Amino acid sequence: MREATVVSEPNPLQRIPGVAIVLVLLIALFSAIAPGFLSVANLSNVLVQSTILTMLALPMTLIIMTEGLDLSMGAVLTLTSLCVAIVSLATKSMLLGLGAGLLVGAAFGVANGWLVAILGIPPFVATLGTLGMAQGLSLIVSDGQSVVGIPHSVRDIYSATLLGVPVPIVMALVTYAAFHGLLYHTRFGTYIFALGGNREALRYAGLSPNRLLIAVYAIGGAMAGIAGLLMTARMNSGHPTAGLGLEFDAIAAVAVGGTSFERGNGWLLGTLLGVLSVGVLRNGLNLISLPSSVQVASVGVLVIVALFLDGLRSRA
């Protein structure tokens, strides 16, 4: 078999998405109207709060590049967070709790991939079904109540620092580096581009697109398990509705970051800019005391504005 060609990362100067402009405008706006927005403490808070969304948006980028979608990611995050809380509480071990979250998340990811690749169910429908399953299991394992009393080894992760940098930020940076290397510097990354752009080429090369697709969804589920650890540490508990709706923010971050829903066209740096834009928007709206319902609507407006700017740039 001919050795696969590694796909190079796009030149950022040649592909600045509309969300980069929106991010600058948001920072300027909230600097003017939100007291304390530009303080070091608040900017650090924005970065820390964006880490969970980063853990979801990066694998969501890969999934969307395959012309797929994962609506279950927020519900799976909720379930993995509960698993981390329950297992770590029972065993007093953070590692065992993380292992449980990874196992459950990966299982849902494999299930999503199997439904889409093997049974041929559209990703929207398949992941909508597993979303309901994950929500139901979250209510069952928690009996509808928060799981409290988790050990310090879990709680301290969110507040701990490494060489002065908050541990969640370190985890997000390591995750981004890992996904960057995977997508742009490995054959598997080349196969991900081909899954959305030319699956027939994979078949001619003797590869199984179905197995590769299942692997991509499994990565997304496993990352929901890692995000579940951060969510549990952030809330100091496991809650049966903690991550609901985060799949919308993840999809929004990927979309405004320049990743196309067809032809395997994706950009991880753009996704990171999208995550920061959503984080800045929500933080700024919190500082001026707008309700959460307005925040959700504002994320929708962010998507429309960023894509509109991209459209203008493309036509120009």
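Everything numeric in this text was worked out from a predicted model, so none of it was measured.

Peer 1: Quick question: what am I supposed to make of the packing of aromatic side chains here?
Peer 2: Here the distance between the centres and the angle between the planes together describe a pair of aromatic rings. A complete count under the given rule lists two aromatic pairs for this structure. Centroid distance phenylalanine 30 to phenylalanine 37: 5.9 Å. Interplanar angle 45°. Geometry classified as tilted. For the pair formed by phenylalanine 30 and phenylalanine 37, the shared burial category is buried. Centroid distance tyrosine 184 to phenylalanine 193: 6.3 Å. Interplanar angle 45°. Geometry classified as tilted. There is no split in this pair, since tyrosine 184 and phenylalanine 193 are both buried.

Peer 1: Would you mind showing me how to read the UniProt feature "transmembrane region" (unreviewed entry) in the chain here?
Peer 2: What UniProt calls "transmembrane region" (unreviewed entry) maps, in this numbering, to residues 16-34, 46-65, 71-90, 95-115, 162-183, 212-231 and 294-312. Secondary structure across residues 46-65 comprises 95% helix and 0% strand; the distance between its end C-alpha atoms is 27 Å.

Peer 1: Any chance you could explain helix H4 (residues 73-91) here in plain terms?
Peer 2: Structurally, the α-helix is built with 3.6 residues per turn, so residues lying three or four positions apart point the same way. Under the 1.5 Å per step criterion, the end-to-end length of H4 is 26 Å for 19 residues, consistent within 8% with the ideal 27 Å. Most of H4 is tucked away, with 14 of its 19 residues classed as buried. Backbone geometry just downstream of H4 places lysine 92 in the positive-phi region, at approximately 60°.

Peer 1: Any chance you could explain the layout of surface pockets here in plain terms?
Peer 2: Vacant regions in the atomic arrangement are exposed by a probe of water-molecule size rolled over the atoms. Estimated volume of the largest pocket: approximately 490 Å³. Every residue lining the largest pocket is counted, 23 residues in all, and those nearest its centre are Gln49, Arg234, Leu246, Asp249 and Arg282. Contributing elements (two or more residues each) for the lining of the largest pocket: helix H2 (40-49), helix H3 (51-65), helix H11 (209-235), helix H12 (246-256), helix H13 (268-287) and helix H14 (292-315). With six residues, H13 is the single largest residue contributor to the lining of the largest pocket. When the residues that make up the lining of the largest pocket are grouped by side-chain class, the tally is 12 nonpolar, eight polar and three charged.

Peer 1: Would you mind showing me how to read empty space enclosed by the protein here?
Peer 2: Tallying each qualifying case throughout the model produces one cavity of 30 Å³ or more. Within this model, the largest cavity holds a volume of roughly 40 Å³. Lining of the largest cavity is provided by Asp70, Ser72, Met73, Val76, Gly105, Phe108, Gly109, Asn112, Gly220, Gly221 and Ala224. For the lining of the largest cavity, the secondary-structure elements that each account for two or more residues are H4, helix H5 (94-117) and H11. Looking at the lining of the largest cavity, the element that brings in the most residues is H5, giving four residues. Among the residues making up the lining of the largest cavity, the classes are represented as four nonpolar, six polar and one charged.

Peer 1: Is there a simple way to explain the nonpolar core in this structure?
Peer 2: For soluble globular proteins, the rule of thumb is that nonpolar side chains tend to be buried together. Membership of the largest hydrophobic core comes to 86 residues, with the highest contact counts inside it found for Phe30, Leu56 and Leu183. The biggest single contributor to this core is H11, with 12 residues. With near-sequence residues (within four places) excluded, leucine 56 lies in contact with Met73, Leu77, Ala224, Ala227, Leu246 and Ala250.

Peer 1: Can you help me understand the side chain of threonine 78 in this one?
Peer 2: With respect to the helices and strands, the residue threonine 78 is situated in helix H4. Taking the relative accessible area as the measure of exposure, threonine 78 reaches 1% and is therefore buried.

Peer 1: What exactly am I supposed to notice about the pattern of salt bridges here?
Peer 2: Pairing is possible between side chains of opposite charge, provided their charged atoms come close. Counting across every chain of the model gives one salt bridge. Aspartate 249 is the salt-bridge partner of arginine 282, the closest N and O atoms lying 3.0 Å from each other. Placement of the pair is arginine 282 in helix H13 and aspartate 249 in helix H12, with a sequence separation of 33 residues. With relative accessibility at 22%, the residue arginine 282 sits in the partly exposed group.

Peer 1: Would you explain the environment of glycine 220 in this entry?
Peer 2: Looking at the secondary structure, you find glycine 220 in helix H11. Taking relative accessible area as the criterion, glycine 220 reaches 1% and is therefore assigned buried. Taking the C-alpha atoms as reference points, glycine 220 and glycine 74, separated by 146 residues in sequence, lie 11 Å from one another. Not counting residues up to four positions away in its chain, the partners in contact with glycine 220 are Pro59, Ile63 and Met73.

Peer 1: How do you make sense of the packing of H3 against H11 when you look at a structure like this?
Peer 2: Between two packed helices, the angle of one axis relative to the other and the distance separating the axes together describe the packing. Contact geometry for H3 and H11: axes closest at 9 Å, N-to-C directions at 175°. Taken together, the axis directions place H3 and H11 in an arrangement best described as roughly antiparallel. Where H3 approaches H11, its residues Thr51, Ile52, Met55, Leu56, Pro59, Leu62 and Ile63 are matched on the opposing element by Val216, Tyr217, Ile219, Gly220, Met223, Ala224, Ile226, Ala227, Leu230, Met231 and Arg234. The residue makeup of the contact of H3 with H11, split by class, is 15 nonpolar, two polar and one charged.

About the cut-offs
- Residues numbered from 1 in each chain as written.
- Predicted model: local features only at pLDDT ≥ 70, side-chain atom pairs only at ≥ 80, totals over all residues.
- Heavy atoms only, no water.
- Phe/Tyr/Trp six-rings, centres within 6.5 Å; stacked < 30°, edge-to-face > 60°.
- Buried < 20%, exposed > 50% of the residue type's maximum accessible area, 1.4 Å probe, protein only.
- UniProt positions renumbered as here; feature names shortened; annotations may be inferred.
- Helix = DSSP H or I, 4+ residues; strand = E, 2+ residues; numbered from the N terminus.
- Expected span 1.5 Å × (residues − 1).
- 1 Å grid on protein atoms, 1.4 Å probe; cavity = no way out; pocket = protein on both sides within 12 Å on 5 of 7 lines; lining within 4 Å.
- Points joined across faces, edges and corners; volume = space filled by probe spheres on them.
- Nonpolar A, V, L, I, M, F, W, Y, C, P; charged D, E, K, R; others polar.
- Core = buried A, V, L, I, M, F, W, Y, C linked by side-chain atoms within 4.5 Å.
- Contact = heavy atoms within 4.5 Å.
- Salt bridge = Lys/Arg side-chain N within 4 Å of Asp/Glu carboxyl O.
- Axes fitted to C-alpha atoms, helices over the stretch in contact; angles between N-to-C directions.
- Parallel < 35°, antiparallel > 145°, perpendicular 65-115°, else oblique.

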